[in-house]
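# Residue-level structure breakdown
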Amino acid sequence: MIIGDYESWGRYPKYKPNDVFSVYWRNEIPDLGKFPNKILPYAWGKSYGDSCLNENGILIDTKNLSKFISFDEENGLFRCEAGVTLASILDFFVPRGWFLSVTPGTKFISVAGAVANDVHGKNHHNSGSFGCHVTKFELVRSSGERLICSNEENTELFKATIGGLGLTGLITWVEFKLKPCPSAFFAMESEKFYNVDEFFDINDKSEKTFDYTVSWVDCTASGSSLGRGIYNRGNHAHPEEYEIPKLPNQKLKSFPFDAAFINSFSVNVFNMLYFNKQINRIEKNVVHYDPFFYPLDAVLHWNKAYGKQGFLQYQFVVPFGNEKDTIREILKQVSGSGMSSFLTVLKTFGDMKSPGMLSFPRPGVTMAIDFRMNGDKTLKFLESLDSIVRESGGVIYPAKDARMSAEDFQKFYPQWTEFEKYIDPAFSSSFWRRVTKKINN
Amino acid sequence: MKKIMIFGAASAIAQETAKLFARDGENLFLVDMNIGRLEAVRDDILSRFKTKIEIYEMNALDFDKHQELFDKAIQTLGGLDAVLIAHGTLPDQIKTQEAQEMIIREFNINCVSVISLASIAANYFEKKKEGCIAVISSVAGDRGRQSNYIYGAAKGGVTTFLQGLRNRMTHSGVSVVTIKPGMVDTPMTAHLPKSPLFAKPGVVGKGIYKAMLSGKAVAYLPGYWRLIMFIIKMIPEWIFKKMKL
Ligand SMILES: Cc1cc2nc3c(=O)[nH]c(=O)nc-3n(C[C@H](O)[C@H](O)[C@H](O)COP(=O)(O)OP(=O)(O)OC[C@H]3O[C@@H](n4cnc5c(N)ncnc54)[C@H](O)[C@@H]3O)c2cc1C
Ligand SMILES: NC(=O)c1ccc[n+]([C@@H]2O[C@H](COP(=O)([O-])OP(=O)(O)OC[C@H]3O[C@@H](n4cnc5c(N)ncnc54)[C@H](OP(=O)(O)O)[C@@H]3O)[C@@H](O)[C@H]2O)c1
C-alpha cells in the first residue's frame, strides 16, 4: 500500500500520515519508543472518521499479523494475532460449528480493531459488545514492555484498551470466546413497521425470542409515515428445524471507481423501492450469514459510491426514558433536511456491561445515519442533531465520528481524564487530538 | 499421509501451501532461518489442523549442512514424498549491481543454494523412484530486464536447471515442478507500490499445492502470466534492449 491508501472508511477527513510501518511477526515488534512522531495502530481502516488516522504521525499497519495461535475446543477459546479478520475466522470456524460471539455489520475488520472500538452487533441486547467476550490480550508498550492483560493481570490496562481507540499500546494477539453454531444459516424474519411506536412494540416482543435484531429505517419518509421501516430478526438455524440451503457461491463485487452515485435523488428512490420491495408485512427466510450480517460487504469499496469528498456516519445512543420522542425528533430533522440518508439503522442495546472504560454501547436506543459529505452544510446540520442527542443524555460513537466537538466528547465521556492515564506516551490519533482540545470556558 | 519438507517455510507464499497440505493431514518438516517465525507458522497451522509438524532452523547459505538437513528430515518424518523449495530474497538492483559481493550473495541464496538442495532431493527421490520436487522460481527468470536482472538471472538459472533435472527425473517417475509466480503481495514486495497485477499469497500458494499434486512441469501463477511472459519473450532483442523495463 502507499501512504495515500491509508484512509478511513468515510474518506473524510483526509489526513495523511508522515509514514507507515508494517509489522509482520508478533515476536518482532519494533521498538515503539524510537519513532520520531506519534504512532497509531491501523488495521483495515473500517472506522469511518479519524479515530484510525494520525495526521503527520506514523501508522503501524497490523494487517499482516494474520496468524491463528491456538484454539481450545473444550471452552471455545480462540487466540489469534491482532490483524486477523473476522472474515477469516468465519471462513475457518463456521464449517466446524463455531461462530463469533459478537460481530459488527462488516466482517472485514481485525480482532484488534474489534477490541479498540469495543464493537457491537445485532445481538447486543443479549450478548453485549465484543469486549464482553475477550479473555486476554498482549499489549506492547513504547517502554518495550509486553504485557498480558486480562481480568486477573494488568486489569486497568485491560479495561482501558477495550474501547481504548488504539491509544494504550499495540495489541499483538487477542484471546476471546467463540460460540457453537448449528449451521452457517439463520432463520430470518422481516416485518414492516409504519412508525416509531410500532418499531418499539415489535422490538419489545422480538428481543425476547430472537438472538439477533436490527432495523432499517426509511429516513426519507415523513408525516404519517415518519419512522417506517423494516424490522429484521433472526436466530441460528438448526438443521433439525430448517431445511438448510446449499452454500451460496457469491463472488464479491467491487465498486470500481470514485463516483458520486449517492445523491438525494438516488437515495429517495432507493429508500422507496426498498420499503416497497417487501410485499407482505412479515416475510420469513433461511439465509446464509453473509446476507444476514453483512449485506454491505457484498460490494467491496462501496464507500467510493459517495464520490471523492466522502461521507459521514452519525451514530448515537440515547438512554431509555423519552427515547421515542428523541428518535422521532431526529427523524423529523433528517427527513426535513433534504440531506437524506441512504442507510439508516435502528437498534436497542441491552444492559450487559463491557469491561471497556471508554466503550460506547450502553442501555438505550442506537441509530446510525449516513450522510454524503457536502461541506459546511452537512457539518452544520449534524451539529443540530448533536443538540438533540446531548439533551436526551445520549452519546456519539467515536468509531464513526469525524466531527463531534471537544466539548461534547468530554461531556459524553467524562471518564476520559481517567482513561488518559493509560494512554501510551508514544501513541496518539487525529481523533484524540481533536476531542481533547482545551475548552475555553 | 505424505511427508513433505518445505524450505523457506516462513515465506508468505509457502505458508499458504503448507496449510493446504496440513488440511489434507500430511506431515510437514518446515525449514527457515528464524526459529521464532517458524514457531508462529507452526502454531498457526496446528491451531487449524491436526497433523504432525517439525520445525528446523537453517540458513540456506550453509551449503555444507544441506545433506545433514535431508538426513534429519528423512529420519524425523520417516522418509520424504515431496520437497518444496521456496526461500528467496529480492535485492535492490541498483545497489546490488554496484557491489560484487552482493551479486555473489544473491546468486548464492537464489540460485546456488536452491540447486544444491534440489540436487540432494533428486538423488534421494531417484533411488525411491517416486517423489516431487517443486521450486519457486519466478517470471523474472524468463527474460533479463535492466531493473531486475541479477535476481532474474538467478531465477533463470534455477529454471534452466530444473528443465534439465526434470528431463533426468522423468525416467524415474519423479515430478519436477517449476513455479513461476508473477508479482505477489508479500513482505518481499512490501516496499513496492501495488498494482492490480499483484496476486495474493493465498492464490499463489494454492496454485503451488495444485501443481504439486498434479506433477505439472511449469506453473505460471496466476495463469495469465504465461501470456504476459510469452509476449515479453517474443519481443526481438534489438527492440527489447532499447526498452526501459
Ligand atoms: C460497513 C461497516 C459496518 C460497520 N458496522 C458496525 C457495527 O455494526 N458495529 C460497530 O461497533 N462497528 C461497526 N463498524 C465499525 C467497525 O467495526 C470499527 O470501526 C472497527 O473497529 C474497525 O476495525 P478495523 O480492523 O478496520 O480497524 P481500524 O479502523 O484500522 O482501526 C480501528 C481502531 O483500532 C485500533 N487498532 C487497530 N489495530 C490495533 C492493534 N493491533 N493494537 C491496538 N489498536 C489497534 C486503531 O488504532 C483504531 O483506533 C462498521 C464499519 C463498516 C465499514
Ligand atoms: N513476492 C513476489 O512477488 C514473488 C514473485 C516471484 C517469485 N517469488 C519467489 O517466491 C518465493 C517466496 O517469496 P515470498 O514472496 O513469499 O517472500 P517472503 O515472505 O519474504 O519469503 C522469503 C523467505 O525466504 C527466507 N529466506 C531468505 N533468505 C534465506 C536464507 N538465506 N536461508 C533460509 N531462508 C531464507 C525468508 O526467511 P526470513 O523470513 O527469516 O527472512 C523468508 O521466509 C521466493 O523464492 C521468491 O523469490 C516471489
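Relevant structure appears above.
Residues numbered from 1 in each chain as written. Chains lettered and ligands numbered in written order. Predicted model: local features only at pLDDT ≥ 70, side-chain atom pairs only at ≥ 80, totals over all residues. Heavy atoms only, no water.

### A few points about the site of ligand 2
Residue and element names in this part refer to chain B. Close to ligand 2 lie 29 residues; Asp32, Arg37, Ala60, Tyr151 and Thr186 are nearest. Contacts to ligand 2 include aspartate 32, whose side-chain N or O atom sits 2.7 Å from an oxygen atom. Lysine 155 has a polar side-chain atom sitting 3.0 Å from an oxygen atom of ligand 2. Burial of ligand 2 by the protein amounts to 92% of the accessible area it has alone, namely 890 Å². (Near = heavy atom within 4 Å. Polar contact = N/O pair within 3.5 Å; in protein donor to acceptor, adjacent residues only side chain to side chain. Areas by Shrake-Rupley, 256 points an atom, 1.4 Å probe, with all protein chains shown as cover.)

### Side note on the interface of chain B and chain A
Contacts between the two partners involve 16 residues from chain B, matched on the other side by 15 residues from chain A. At the boundary of chain B with chain A, total buried surface from both sides reaches about 1,300 Å², with 54% on carbon and sulfur atoms. Its largest share of buried area at the contact with chain A, chain B owes to B:Arg37, B:Ser47 and B:Arg48, together 39% of the area lost on that side. Connecting chain B to chain A are three salt bridges. (Contact = heavy atoms within 4.5 Å. Buried area = accessible area lost by both parts, 1.4 Å probe. Salt bridge = Lys/Arg side-chain N within 4 Å of Asp/Glu carboxyl O.)

### What to know about the state of the cysteines
Residue and element names in this part refer to chain B. Evaluated as defined, the whole model comprises zero disulfides over all chains. Cysteine cysteine 111 shares no disulfide, and the gap to the nearest cysteine sulfur, in cysteine 132, comes to 20 Å. By relative accessible area, which is 9% here, cysteine 111 ends up buried. (Disulfide = S-S within 2.5 Å. Buried < 20%, exposed > 50% of the residue type's maximum accessible area, 1.4 Å probe, protein only.)

### Structural notes on the site of ligand 1
Residue and element names in this part refer to chain A. Around ligand 1 lies a shell of 34 residues, among which Pro41, Lys46, Ser47, Ser110 and Tyr397 are the nearest. At 3.0 Å from an oxygen atom of ligand 1 is found a main-chain nitrogen or oxygen belonging to glycine 105. Here an oxygen atom of ligand 1 sits 2.9 Å away from a polar atom, N or O, in the main chain of leucine 165. In isolation ligand 1 has 980 Å² of accessible area, and contact with the protein removes 96% of it. Contributions of two or more residues to the shell around ligand 1 are made by strand E2 (39–42), helix H2 (111–116) and strand E9 (170–180). (Helix = DSSP H or I, 4+ residues; strand = E, 2+ residues; numbered from the N terminus.)

### Remarks on the sheet that holds strand E11 (residues 212–217) of chain A
All names here are of chain A. Spatially, eight strands are ordered E14-E10-E12-E11-E17-E18-E16-E19 in an open sheet, and the strand pairing comes out antiparallel. Edge positions in the sheet fall to strand E14 (282–288) and strand E19 (395–396), since each has one partner strand and no second. Bridge analysis of strand E16 (residues 311–318) against E19 gives two bridges, and the strand direction is antiparallel. Directly across from valine 317, in E19, lies its bridge partner valine 395. Across the face of the sheet, helix H8 (residues 323–337) comes into contact with E11, E16, strand E17 (344–349) and strand E18 (364–372) while running at roughly 5° to E18. (Pairing = 2+ DSSP bridges. Axes fitted to C-alpha atoms, helices over the stretch in contact; angles between N-to-C directions.)

### Considering the side chain of A:Gln410
Residues and elements named next belong to chain A. Looking at where glutamine 410 falls in the secondary structure, it is placed in helix H10 (residues 406–412). Of note is the side chain of glutamine 410, whose polar atom sits 3.0 Å from the backbone oxygen of valine 435. For glutamine 410, the contacting residues outside a window of four places in its chain are Trp416, Val435, Thr436, Lys437 and Ile439.

### Here we look at the pairing of strand E7 (residues 218–221) of chain B
Residues and elements named next belong to chain B. In this sheet, E7 lies alongside strand E6 (residues 174–181) in parallel orientation, the contact comprising four bridges. Within the sheet, the bridge partner assigned to isoleucine 179 lies in E7 and is alanine 219. With respect to chirality, the unit in which E6 leads through helix H7 (residues 201–214) into the neighbouring parallel E7 is left-handed. (Right-handed = clockwise from strand over helix to strand, strands pointing away.)

### A few points about the sheet that holds strand E3 (residues 58–61) of chain A
Residues and elements named next belong to chain A. Spatially, the three strands line up as an open sheet ordered E1-E3-E2, and their pairing is parallel. The outermost strands of the open sheet, each flanked by one partner alone, are strand E1 (19–22) and E2. The sheet shows a mean angle of 30° between the axes of neighbouring strands, direction not considered. Relative to E3, E1 is paired through four bridges, and the arrangement is parallel. Residue pairing across strands places aspartate 19 opposite isoleucine 58, the latter belonging to E3.

### A word on the packing of aromatic side chains
Residues and elements named next belong to chain A. On inspection of all chains with the given rule, the structure shows 47 aromatic pairs over all chains. Ring geometry for tyrosine 6 and tyrosine 42: centres 5.0 Å apart, planes at 65°, overall edge-to-face. Placement of the pair is tyrosine 6 in the segment before E1 and tyrosine 42 in strand E2, with a sequence separation of 36 residues. We note that tyrosine 6, like tyrosine 42, is buried. Here phenylalanine 68 and phenylalanine 78 contribute two aromatic rings whose centre-to-centre distance is 4.9 Å and whose plane-to-plane angle is 80°, an arrangement assigned as edge-to-face. (Phe/Tyr/Trp six-rings, centres within 6.5 Å; stacked < 30°, edge-to-face > 60°.)

### Notes on the pairing of E2(A)
All names here are of chain A. Neither face of E2 is open: one carries Ile39 and Pro41, the other Leu40 and Tyr42, and all of them are buried. Pairing of E2 with E3, which is carried by four bridges, proceeds in the parallel orientation. Across the sheet, residue proline 41 finds its bridge partner in E3, namely isoleucine 60.

### Topic: the packing of helix H5 (residues 196–209) of chain A against H8(A)
Residues and elements named next belong to chain A. The contact between H5 and H8 brings their axes to 10 Å, and the two run at 135°. As the angle between them shows, H5 and H8 are arranged oblique. The hand of the H5/H8 crossing is right-handed. Contacts between H5 and H8 involve Val196, Asp197 and Phe200 from the first element and Glu323, Lys324, Ile327, Arg328 and Leu331 from the second. Across the contact of H5 with H8, the residue classes break down as four nonpolar, no polar and four charged. (Parallel < 35°, antiparallel > 145°, perpendicular 65-115°, else oblique. Left-handed = near helix turned anticlockwise from the far one by under 90°. Nonpolar A, V, L, I, M, F, W, Y, C, P; charged D, E, K, R; others polar.)

### Side note on the environment of A:Thr85
Residues and elements named next belong to chain A. Mapped onto the elements, threonine 85 comes out in the loop between strand E5 (77–81) and helix H1 (86–93). For threonine 85, a relative accessible area of 12% gives the class buried. Along the chain, threonine 85 and lysine 107 lie 22 residues apart, while their C-alpha atoms are 6.9 Å from each other. Sequence-distant contacts of threonine 85, that is, excluding residues within four places in its chain, are made with Trp44, Lys107, Ile109 and Ser110.

Coordinates in, geometry out; function isn't part of it.
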